[in-house]
Amino acid sequence: MFSGWYAVSLDEKGRVAVPASFRHALAKTDAGPLYLTPFSHDGKPHLEVFPSAEFARLAEQIQSLEDSEQAELLKQEIIGRSVAVELDGQGRIVLPQWLREESGLLNGRVVVEGQISRFDIWDESRYQARRAEPERVKQALKLIKR
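An account of the accompanying structure is given in this report.

Definitions and limits used
Residues numbered from 1 in each chain as written. Predicted model: local features only at pLDDT ≥ 70, side-chain atom pairs only at ≥ 80, totals over all residues. Heavy atoms only, no water. Buried < 20%, exposed > 50% of the residue type's maximum accessible area, 1.4 Å probe, protein only. Helix = DSSP H or I, 4+ residues; strand = E, 2+ residues; numbered from the N terminus. Pairing = 2+ DSSP bridges. Phe/Tyr/Trp six-rings, centres within 6.5 Å; stacked < 30°, edge-to-face > 60°.

### What about the pairing of strand β7 (residues 109-114)?
Okay, so step 1: When you tally the buried positions in β7, you get five out of six residues, the bulk of the element.
Okay, so step 2: Of the strand pairs in this sheet, strand β1 (residues 5-9) and β7 are connected by five bridges, and their pairing is antiparallel. Within β7, the residue paired with Trp5 across the bridge is Glu113.
Okay, so step 3: Pairing geometry for β7 and strand β8 (residues 119-123), over five bridges, is antiparallel. Residue pairing in the sheet places Glu113 in a bridge with Asp120 of β8.
Okay, so step 4: Taking the residues that link successive antiparallel strands as the turn, the β7-β8 hairpin has four residues, and the phi of Ile116 there is positive, at about 70°.

### Remarks on the packing of aromatic side chains
Two descriptors summarise a pair of aromatic rings, namely the distance from one centre to the other and the angle between the planes of the rings.
Okay, so step 1: Scanning the model with the defined rule gives seven aromatic pairs in all.
Okay, so step 2: Seen from their ring centres, Phe2 and Phe119 are 5.3 Å apart, and the 65° between their planes marks the pair as edge-to-face. Placement of the pair is Phe2 in the segment before β1 and Phe119 in strand β8, with a sequence separation of 117 residues. Accessibility assignment for this pair places Phe2 and Phe119 in one class, buried.
Okay, so step 3: Ring pairing ties together the aromatic residues Phe2, Tyr6, Phe22 and Phe119, which thus form one cluster.

Here is the structure:
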């Protein structure tokens, strides 16, 4: 499981260190590549990073949709625009230039945030702006029993 958030540097070669706790979780569950997919949430672009097995489950869900038009759209936007990457010897992944540009990851500081079965990579300032929306969180918390 991926949880927590970590502010890290994006170096000039587009490399981001995957937090040690995330690498540990990956070592327990998945030996394949990581899949990077650009997303935009409420007009805020970021990257979603899926372990191989989770990405395969997502692809199966898309493939089995009854609405073939929607399935094709999701295949184009999620599967077709994804990039498979491997961790290097220092536990980093390389974000291709076009993904950095599309995801707004250009300033050298990013946040890596756990999302249970995947993790996201956000521009640090965009992440902080998103965190400054407490009313949305209050509304969402009403949906779960604690």
